[in-house]
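# Structure at a glance
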Amino acid sequence: MAEQKVLLQWDADGERRYETGNKKGVLYPRVKGVYQAGVSWNGLTAVTESPSGAEASEMWADDTKYGEIRSSEQFGGTIEAYQSPKEFDQCDGSYSPVNGMSIGQQSRKPFGFSYVTTIGNDEEGLDFGYTLHLVYNAMAKPSTRSHKTINNSPEGETLSWEFTTTPTVINAVDAEGKQLKPTAHLYFDSTEVDSVKLKALEKILYGTPAENSEEAIPPRLPSPDEVIAMFAAAG
């Protein structure tokens, strides 16, 4: 039987995807190695992901390229917002001895955070899906703030914080049985991942209100191992 040729198609109906937006920001301050209850990050305007590393160091022998070694990949970026939660002050190097007073240039605390970006396509538009992002072990760098005079075209000041991360060790293995490398970033595509498990994860991240005799459960950031186990479990 003659082999059938498969023709490639571009921009087929229902396959034109794009990603945009930023919403549902949550901050999880970390104190003495433990992530505290999450708080809403209102006014979040952008999260720019800026991975670095994975740079090649070439090895040469016998007058030819012998191989190359790549450095570890690091995850970092920039958070932009019109405001930040009060709980972020300690992450931004501020200490408040009394309400309304802040002392800068103090020790910075690590934090985790989560946010959601929107996935759209040519058929359902912005209702197609979303990506949930989890970031661990982040540290904010000192940031520049520009206070401009009010004029005839006033604009709200956008605050900006660069951040770096320290990868968290994870115990999961890949398809070949090799332990996965430490990471600081997990993300989930709602159009592909198990929707029931994704909703269960969101209940943990955003908390659940008190119902009947059950007490409210505060929002928290589960460890990467806990999250991976949730989605790897049968059912």
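The structure reproduced in this document is the subject of the present report. (Residues numbered from 1 in each chain as written. Predicted model: local features only at pLDDT ≥ 70, side-chain atom pairs only at ≥ 80, totals over all residues. Heavy atoms only, no water.)

On to the pattern of salt bridges, then. Inspection of the entire model under this criterion finds 12 salt bridges. The shortest N-O distance in the salt bridge between K141 and E162 comes to 3.8 Å. Here E162 lies in strand 12 (residues 159-165) and K141 lies in the loop between strand 11 (125-140) and strand 12, a separation of 21 residues in the sequence. Its relative accessible area of 37% is what places K141 among the partly exposed residues. A relative accessible area of 44% places E162 in the partly exposed class. Two residues, E176 and K178, come together in a salt bridge whose shortest N-O distance is 3.6 Å. For the pair E176 and K178, one class covers both residues: exposed. (Salt bridge = Lys/Arg side-chain N within 4 Å of Asp/Glu carboxyl O. Helix = DSSP H or I, 4+ residues; strand = E, 2+ residues; numbered from the N terminus. Buried < 20%, exposed > 50% of the residue type's maximum accessible area, 1.4 Å probe, protein only.)

Tallied over the entire structure, the rule returns 10 aromatic pairs. Here the aromatic rings of W41 and F88 are separated by 4.9 Å at their centres, their planes lie at 50 degrees, and the arrangement is tilted. Taken together, the residues span a long stretch of sequence, with W41 in the loop between strand 3 (39-40) and strand 4 (44-49) and F88 in the loop between strand 9 (76-81) and strand 10 (111-121) at a distance of 47 residues. On the accessibility criterion, W41 (5% relative accessible area) is buried. Judged by relative accessible area, which is 0%, F88 ranks as buried. Measuring from ring centre to ring centre gives 5.4 Å for F113 and F163, while their planes differ by 85 degrees; the resulting arrangement is edge-to-face. Of the two residues, F113 is situated in strand 10 and F163 in strand 12; the sequence distance between them amounts to 50 residues. One aromatic cluster in this structure is built from W41, F75, F88, F111, F113, Y115, W161 and F163. For the cation-ring pair, R30 lies above Y35, with the distance from its terminal atom to the ring centre recorded as 6.0 Å. (Phe/Tyr/Trp six-rings, centres within 6.5 Å; stacked < 30°, edge-to-face > 60°. Lys NZ or Arg CZ within 6 Å of the ring centre and 35° of its normal.)

If you check the backbone angles, K32 has positive phi at about 50 degrees while not being a glycine. When you line up the elements, K32 lands in the loop between strand 1 (17-31) and strand 2 (34-35). In the Ramachandran plot, D63 falls in the positive-phi region, its phi being about 60 degrees despite a non-glycine side chain. For D63, the location among the structural elements is in the loop between strand 6 (56-61) and strand 7 (64-70).

With that out of the way, let us pick up helix 1 (residues 195-206). Under the 1.5 Å per step criterion, the end-to-end length of helix 1 is 16 Å for 12 residues, consistent within 8% with the ideal 16 Å. Those residues of helix 1 that fall on the buried side of the exposure criterion are K197, L198, L201, E202, I204 and L205. End-on view of helix 1: buried residues confined to an arc of 155 degrees, all on one side of the axis. For helix 1, the exposed residues set more than 90 degrees away from the buried face come down to V196 and K203. Those residues of helix 1 hidden inside the fold are in contact with strand 1, strand 11, strand 13 (185-189) and helix 2 (224-232). Two or three places before V196, at the opening of helix 1, D194 has a side-chain oxygen 2.9 Å from that residue's backbone nitrogen. (Expected span 1.5 Å × (residues − 1). Arc of directions from axis to C-beta. Contact = heavy atoms within 4.5 Å. Polar contact = N/O pair within 3.5 Å; in protein donor to acceptor, adjacent residues only side chain to side chain.)

A few words on the nonpolar core. Side chains of a nonpolar character, in soluble globular proteins, are inclined to be buried together. Core analysis: the biggest nonpolar cluster contains 18 residues, and W41, I79, F88, F111, F113, W161 and F163 have the highest contact counts within it. Elements with a contribution of two residues or more to this core: strand 4, strand 9, strand 10, strand 11 and strand 12. The residues touching W41, leaving out its near neighbours within four places in the chain, are G25, V26, L27, I79, A81, Q83, S84, P85, F88 and W161. Within the second largest apolar cluster, 16 residues are counted, among which are V116, Y136, F188 and F231. (Core = buried A, V, L, I, M, F, W, Y, C linked by side-chain atoms within 4.5 Å.)

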